[in-house]
There are 4 protein chains.
Amino acid sequence: MIENAKVAVVGVGNNTSALVQGINFYRSTGSLVGIQQPQVNGLGVGDIDFVAAFALSDGKVGKDLHEAIFAPPNNFPRLDTELRPSGVTVQRGLTDVTEIRRVADALRGSEVLLYSAPSGRTDIAEAYAEAALLAGVAFVNTTSDPIARDLSLLERFQEAGLPLIGDDLASQFGTSVVHKALLRLLQERGLTLVSSYQVNLGGTEDFRNLAENPDSKKQSKLNALGADRVQLAPLGYLPHLKSQKIAYLNIEAQGWGETAVSLDIRLQVHDPSGAAGVNIDLIRLAATALRSGRGGYPTEAAAHLKSPPGTAV
Amino acid sequence: MIENAKVAVVGVGNNTSALVQGINFYRSTGSLVGIQQPQVNGLGVGDIDFVAAFALSDGKVGKDLHEAIFAPPNNFPRLDTELRPSGVTVQRGLTDVTEIRRVADALRGSEVLLYSAPSGRTDIAEAYAEAALLAGVAFVNTTSDPIARDLSLLERFQEAGLPLIGDDLASQFGTSVVHKALLRLLQERGLTLVSSYQVNLGGTEDFRNLAENPDSKKQSKLNALGADRVQLAPLGYLPHLKSQKIAYLNIEAQGWGETAVSLDIRLQVHDPSGAAGVNIDLIRLAATALRSGRGGYPTEAAAHLKSPPGTAV
Amino acid sequence: MIENAKVAVVGVGNNTSALVQGINFYRSTGSLVGIQQPQVNGLGVGDIDFVAAFALSDGKVGKDLHEAIFAPPNNFPRLDTELRPSGVTVQRGLTDVTEIRRVADALRGSEVLLYSAPSGRTDIAEAYAEAALLAGVAFVNTTSDPIARDLSLLERFQEAGLPLIGDDLASQFGTSVVHKALLRLLQERGLTLVSSYQVNLGGTEDFRNLAENPDSKKQSKLNALGADRVQLAPLGYLPHLKSQKIAYLNIEAQGWGETAVSLDIRLQVHDPSGAAGVNIDLIRLAATALRSGRGGYPTEAAAHLKSPPGTAV
Amino acid sequence: MIENAKVAVVGVGNNTSALVQGINFYRSTGSLVGIQQPQVNGLGVGDIDFVAAFALSDGKVGKDLHEAIFAPPNNFPRLDTELRPSGVTVQRGLTDVTEIRRVADALRGSEVLLYSAPSGRTDIAEAYAEAALLAGVAFVNTTSDPIARDLSLLERFQEAGLPLIGDDLASQFGTSVVHKALLRLLQERGLTLVSSYQVNLGGTEDFRNLAENPDSKKQSKLNALGADRVQLAPLGYLPHLKSQKIAYLNIEAQGWGETAVSLDIRLQVHDPSGAAGVNIDLIRLAATALRSGRGGYPTEAAAHLKSPPGTAV
């Protein structure tokens, strides 16, 4: 019987809440609903133990992980599963590179460090990666900060026999997944795209940040898809939606004889679930790669990432 | 320079209107909008000449093809293209097997017979297939009547060096195409389907017939897709929609932690355009197969057919 | 302090389930959510006691009312309220006019008889009305059977000093309410209606009956609204929806310069809640009218009925 | 027979394009489609002559009015009506109060000055009002700048026997009209609002301005409606929509027993048509009030204005 993966996590936001609760849910129910891969190299969905957690907010630090995941501004719902105290107390995360040693010490006993903090602080992400190197732990970067794309860093993980997975998590099922699938379908069937847009509404802290600081790369990413006729409306932060995202997609196209084809889609989904559904695969992949001594970037991770090594920083 | 394909058509309904107008449109504009395959074995979209047409209604027989395609109950819109008289007078279609000889004589000079009458009269479809055999013409069956699935018939076409394509046209872009693509996407991403339904509204004569005589096979076809949780609401015949189809799809699923994922889609499309966009490929395939002496069923047609040879009758 | 109204009910379907559960819910929580009239002549929403109930199915007769309301094919959800045994055992309803006397005896002690059986059995509805007359009890007819519109019956209730309310309950909030409000809005603002349609999907037994036996009057009722351009698509019975109704409305109109205006609406609602939200007012009205000796039809009921006395049978 | 109203207009944007084209359309076709009031005090929809026009952009000044209304960034569609040269050359609008006299001279012969420039330049709006006073012309302010709400200005128009109508045009049919109607309907039927939001997408220059400089008052206006649970998502400027506006509304409510009621609405409408459909009434009202010597604010205008005299500045 395979041993559970031992995971440390940076960031105790909605995504971590979804991941922690979900693992507990699947372990206690045996359900496989919503699961892409029941087994990754022998590890099941419930075969994960959290052994350390780092956060910055006073409302979370010092609390048991199973309590901290419900502290505001987290607003992912309580899943239907009983959570007993985890025994893991949330530690203060690092805010300065001088603390790398402290974090490395705290990582002893972990196999994987899941970096699930907000994007935008590359220096902090790098510091945690250094701590992982020091502690001999695999590193999974879910943010858009360039860590796995940093070739010298990747090389050092490889040499140390430590897996490094990243960057920028692709959600299991979100607006982009649906939008791309429909645009691809149009193309396959020979229809000609006239125009398309996407409206995203949500109520998480992440959403608020993105609404206030629009991601300038997002439009260009859509264009890269070959769809220069796809427009993004500004994100709408609507607090009452909590961790739900509502998206409206419109696609106007032309078929035979230039007659009109219209598609209007409304998608409703829990954003943190989309992240957890992918994180569960990445941490199992990282843990099993570590155990078999495969350092560096495991190419099986590519489908789950928006910016794997080799893509532009 | 390749010669135009010479096509005879049975049935002068909306699908034929869309096909005839569209070919004229593409030939005069050079547009490639809405076209899946600009060239099929060297034949372009405009490289089709209609040389004979058969219909049954008094409002169509005896008229020029370019006039008959607008006779009621046809209600496909007039495309933005000038139609001069075609020189092809619509002939009375056969209603009795004794007329096979007459039809065969009328087919001399054609390369392809496109059978685009309403489904449900297998005896009539077979009679036209016999006429095609007699006249040495390829046969394309767009109806759900079993013609290409009739193995003895297929064998006779093969021996005669005549292509036989069918059965049951798969629309270029319709409700099923979108529904299947989204259900497949769900599955690929590991989501679990909870329930799904499909509502179809339309205003053509075909739609009226289907609404009054529901296709009992349709639900089972959807089930065959592996989606026994997909329900079909009864078709709604709404005359004011004319040749437009409006479909509502709903998909309820569960993702990570059994959290809810909802997709609501509204699709608006011209049904006859979806048929014409596929017929254009089938007749070019049939004509070029005939010219190169390839009798029987050309496997390239499979993607465009719901019930190719080998599937259940 | 006013005494609770004493109510007997015919029919233990979803509507009765919603009513019985809801009264218990409002009584125990003090909530006023979803309530149109907190007080009707001094009676609050929770001031109702059920004292008798009649049903026909073996799965319901002989059971406590609080158990019978959950027997199949009922599928209205369990509200978040604890239901202790009601002490009311469901009696076998009448199927023959010879049983009027038995029912009348069973009604002793009631103030109001709420007739909430399926529409379409006028003879049965009349027999219950006769029993109410015999027992000196007010009568509320929620079905489309003509009871309050039967002038001789109405006169007899009036002479007996007994209230008679009917016919045909208008839901508190359903497809028609929304559709009419939007069509009226269009008219008020000077827009010109081009076309409109309505699609209704549901999963109750009532819905199945209506889907199999379409109500021929329904289209004419819509027309009476002055909207001869409004089409009804056939009802779709989708069992998985249970007591939820999903409706799609479309309105196409023209404004200034004949430019297009489009409205697409999706409505999701629990049908039985719409009935209960109106029944609660009708039974309070009937009970208080009875107490003050007002026989016949109380005009305050008109807003809640589709076919009050004086409208066509 | 009544004489046509003589109208001067400030601003040659989309709203003026819709108004000018529409009047010509209705005059030539006799259509009454989309018209709220066929007659206002004897003036029909086509009984308007434009006699002067002012604009600032080089692409419009010096051009015939019937040409200038199609100059970019205007993108209201061409209506199906032939426009011969109007004989009215667009004059340069004022940018400085020293030009009031020039404008007043240019207004001789007009009965009504329609002020249809972008909102936000109260000084300019006031200067045009002064010119109207000087020239003895009625004034209609469609912007949110406080003109009719300026009591001393209103008094001066009243004393001069000149009508003054404003401020802030309420569209004939737009997102707010539909949203308010549905929220009111909910309230009338006793449902309890849980949450609601509104998303607006459009492609006009006005829309771009509003998207870049959000109207801080808009949320508070919605709140004033009594619906503090209504959220506005940020406006989305999507150029390809041109003068069309697409709005998504969502309303979540609770009915009987706190069961859920959901309404999702998609509205598609031409914004400038909504403005023209109201301007046509205001200018006819202003012209006929002037003719009968009724100075000041005609109360019949109230239904068409968001901020009539007496409301807060």
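As recorded in an unreviewed UniProt entry, chain A goes by the name Inositol-3-phosphate synthase, listed as coming from Micromonospora sonneratiae.

Trainee: Help me understand the packing of aromatic side chains in this model?
Mentor: How two aromatic rings sit relative to each other is set out by the distance from centre to centre and by the angle between their planes. Here the structure, examined in full by the defined rule, presents 26 aromatic pairs over all chains. Ring centres 4.0 Å apart and planes at 15° place the aromatic pair Tyr248 of chain B and Tyr248 of chain C in the stacked group. Of this pair, Tyr248 of chain B sits in strand β12 (residues 244-254) while Tyr248 of chain C sits in strand β12 (residues 244-254), on two different chains. An aromatic cluster is defined as three or more aromatic residues linked by ring pairs; in this entry it consists of Phe54, Tyr115, Tyr128, Phe139 and Phe157 of chain A. If you follow Arg78 of chain B out to its NZ or CZ, it ends over the ring of Phe70 of chain B, 3.7 Å from the centre.

Trainee: Please clarify how the arrangement of the chains should be interpreted in this entry.
Mentor: Here chain A and chain C are not in contact; the least distance found between their C-alpha atoms is 11 Å. In this view chain B stays clear of chain D, with the nearest C-alpha atoms of the two still 11 Å from each other.

Trainee: I would appreciate a short explanation of the pattern of salt bridges in the present structure.
Mentor: Two side chains that carry opposite charge are able to pair once their charged atoms sit near each other. All names here are of chain C. Throughout the structure, instances matching the rule amount to 56 salt bridges over all chains. For Asp281, the salt bridge goes to Arg284, with nearest N and O atoms at 2.6 Å. Of this pair, Asp281 and Arg284 both sit in helix α9 (residues 271-291), separated by 3 residues, roughly a single helical turn. There is no split in this pair, since Asp281 and Arg284 are both buried.

Trainee: Help me out: how do you make sense of the sheet that holds strand β1 (residues 5-10) of chain B in this one?
Mentor: Hydrogen bonds along the backbone pair up the strands of a sheet, which may run parallel or antiparallel. Residues and elements named next belong to chain B. Spatially, β5-β4-β1-β6-β7-β8 is the arrangement adopted by the 6 strands of the open sheet, whose pairing is parallel. The open sheet has two edge strands with one neighbour each: β5 (91-92) and β8 (164-165). Relative to strand β4 (residues 48-55), helix α3 (residues 100-107) is tilted by about 160°, and along the sheet it contacts β1, β4, β5 and β6 (112-115).

Trainee: Could you clarify how one ought to interpret the domain arrangement of chain A in this entry?
Mentor: Size of an interface: often given as the accessible area lost when the parts come together. Residue and element names in this part refer to chain A. Looking at the assigned domains, one finds that chain A contains domain 1 (5-170 + 273-304) and domain 2 (175-270). A separation of 29 Å is found between the C-alpha centroids of domain 1 and domain 2. Domain 1 puts 8 residues into the contact, and the matching count from domain 2 is 7 residues. Here domain 1 meets domain 2 over a buried area of about 600 Å², counting both sides, of which 48% is carbon and sulfur. Here domain 1 and domain 2 share 0 salt bridges between them. Where domain 1 packs against domain 2, one counts 3 residue pairs in polar contact (both at pLDDT 80 or more). Looking at the side of domain 1 that touches domain 2 residue by residue, the classes come out as 3 nonpolar, 4 polar and 1 charged.

Thresholds, definitions, all that
- Residues numbered from 1 in each chain as written.
- Chains lettered and ligands numbered in written order.
- Predicted model: local features only at pLDDT ≥ 70, side-chain atom pairs only at ≥ 80, totals over all residues.
- Heavy atoms only, no water.
- Phe/Tyr/Trp six-rings, centres within 6.5 Å; stacked < 30°, edge-to-face > 60°.
- Helix = DSSP H or I, 4+ residues; strand = E, 2+ residues; numbered from the N terminus.
- Lys NZ or Arg CZ within 6 Å of the ring centre and 35° of its normal.
- Contact = heavy atoms within 4.5 Å.
- Salt bridge = Lys/Arg side-chain N within 4 Å of Asp/Glu carboxyl O.
- Buried < 20%, exposed > 50% of the residue type's maximum accessible area, 1.4 Å probe, protein only.
- Pairing = 2+ DSSP bridges.
- Axes fitted to C-alpha atoms, helices over the stretch in contact; angles between N-to-C directions.
- Domains from an automatic or database assignment.
- Buried area = accessible area lost by both parts, 1.4 Å probe.
- Polar contact = N/O pair within 3.5 Å; in protein donor to acceptor, adjacent residues only side chain to side chain.
- Nonpolar A, V, L, I, M, F, W, Y, C, P; charged D, E, K, R; others polar.

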